[in-house]
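Residues per chain are reported as follows:
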Amino acid sequence: MPALPEFALAHRPSQPMLAEALRHWGGGDDLWIFGYGSLIWRPDFDFSERRMGRVFGWHRALKMWSTINRGTPQTPGLVFGMLPGGSCQGMVFRIAREHGHGVLEKLWQREMVNAVYDPRWLQCRTEQGPVKALAFTLSRHSPNHTGELQPEEYRRIFREARGIYGSTRDYALSTFRELQRMGIHDRALQRLLHHAGAAEPQTGD
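How each quantity is defined
- Residues numbered from 1 in each chain as written.
- Predicted model: local features only at pLDDT ≥ 70, side-chain atom pairs only at ≥ 80, totals over all residues.
- Heavy atoms only, no water.
- Buried < 20%, exposed > 50% of the residue type's maximum accessible area, 1.4 Å probe, protein only.
- Helix = DSSP H or I, 4+ residues; strand = E, 2+ residues; numbered from the N terminus.
- Pairing = 2+ DSSP bridges.
- Axes fitted to C-alpha atoms, helices over the stretch in contact; angles between N-to-C directions.
- Parallel < 35°, antiparallel > 145°, perpendicular 65-115°, else oblique.
- Left-handed = near helix turned anticlockwise from the far one by under 90°.
- Contact = heavy atoms within 4.5 Å.
- Phe/Tyr/Trp six-rings, centres within 6.5 Å; stacked < 30°, edge-to-face > 60°.
- Lys NZ or Arg CZ within 6 Å of the ring centre and 35° of its normal.
- Core = buried A, V, L, I, M, F, W, Y, C linked by side-chain atoms within 4.5 Å.
- Expected span 1.5 Å × (residues − 1).

Some words on the pairing of strand β1 (residues 31-35)
Line of reasoning, step 1. A large share of β1 lies buried, amounting to five of its five residues.
Line of reasoning, step 2. Burial along β1 is two-sided: the residues Leu31, Ile33 and Gly35 and Trp32 and Phe34 are all buried.
Line of reasoning, step 3. Relative to strand β3 (residues 77-95), β1 is paired through five bridges, and the arrangement is antiparallel. Its bridge partner being in β3, Gly35 is matched across the sheet by Met91.

Printed below as a string of structure tokens:
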């Protein structure tokens, strides 16, 4: 197993980052959120509209240590982050302006407990036109970025890691299945699941 960072030292204060997100949004227009992992299949907030969308310059990767949601400090699991490079298809949600503040506060409680993510406002292409949406990205310099993991390490994590929301394996499979249902073929994730020995649905191509 690779050496893990001292997670307790990696925590940052999240409230200043929430204040900055609220300031950048401004509250004058509806709020847009880009989901690429569990937000796609478990948003946990009310939205007025959702669209399939793509952002360029970032890609989805199961390379972020999780010691709460999908693992523990003793047996860390993994969750998705959006890393620089490539592109990422996901779902963009529109939240009515009057609910935006409350939704952002709720998202911070879910996604920013340890303030590992770097929230960014990214241009998102949709069939109905471009929107600027808030996305939770991950720096390769973050102590919670795993770096490159070998298939046997993914297999061990899928077998052992479980947190308050369930196992890493179930999390990865739920995301893959929802992407398939939406018609999004994430071949990198499909290959990872195959090499890690996780059963996956057939894509038909």
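Now, onward.
Regarding unusual backbone geometry
Line of reasoning, step 1. Positive phi outside glycine occurs at Asp44, with the angle close to 65°.
Line of reasoning, step 2. Looking at the secondary structure, you find Asp44 in the loop between α3 (38-41) and β2 (49-66).
Line of reasoning, step 3. The phi angle at Ala115 is positive, at roughly 55°, despite the residue not being glycine.
Line of reasoning, step 4. Counting through the fold element by element, Ala115 comes out in the loop between α4 (100-111) and β4 (118-126).
Line of reasoning, step 5. Accessibility expressed as a relative area gives 0% for Ala115, which makes it buried.

Regarding the packing of helix α6 (residues 168-181) against helix α7 (residues 187-195)
Line of reasoning, step 1. Packing of α6 against α7 brings their axes to within 11 Å, and their N-to-C directions diverge by 140°. With respect to each other, α6 and α7 are oriented oblique. Crossing handedness for the pair α6 and α7: left-handed. Taken together, the residues of α7 that come into contact with α6 (itself represented by Ala172, Leu173, Phe176 and Leu179) are Leu189, Gln190 and Leu193.

A short note on the packing of aromatic side chains
Line of reasoning, step 1. Evaluated as defined, the whole model comprises nine aromatic pairs.
Line of reasoning, step 2. When the centroid spacing of 5.8 Å and the interplanar angle of 55° are considered together, the rings of Tyr117 and Phe136 count as tilted. Of this pair, Tyr117 sits in the loop between α4 and β4 while Phe136 sits in strand β5 (residues 131-137), placing them 19 residues apart in sequence.
Line of reasoning, step 3. What makes Phe136 buried here is its relative accessible area of 2%.
Line of reasoning, step 4. Through pairs of rings, three or more aromatic residues link up here, namely Trp41, Phe80 and Tyr171.
Line of reasoning, step 5. Directly above the aromatic system of Tyr165 lies the positively charged group of Arg42, at a separation of 4.6 Å from the ring centroid.

As for the nonpolar core
Where a protein is soluble and globular, its nonpolar side chains tend to be buried together.
Line of reasoning, step 1. In terms of nonpolar packing, the biggest core is built from 63 residues, with Phe34, Leu62, Met82, Leu104, Trp108 and Phe158 touching the most fellow members.
Line of reasoning, step 2. In terms of residue count, the dominant contributor to this core is β3 (ten residues).

Quick word on α6
Line of reasoning, step 1. Helix length check: α6, at 14 residues, gives a terminal C-alpha distance of 20 Å against a target of 20 Å (1.5 Å per residue), a fit within 8%.
Line of reasoning, step 2. Of the positions making up α6, those classed as buried are Thr168, Tyr171, Ala172, Leu173, Thr175, Phe176, Glu178, Leu179 and Gln180.
Line of reasoning, step 3. Taken together, the buried residues of α6 touch α3, β2, β3, α5 (151-160), β7 (166-167) and α7.
Line of reasoning, step 4. One or two positions beyond α6, positive phi appears at Gly183, with a value near 85°.

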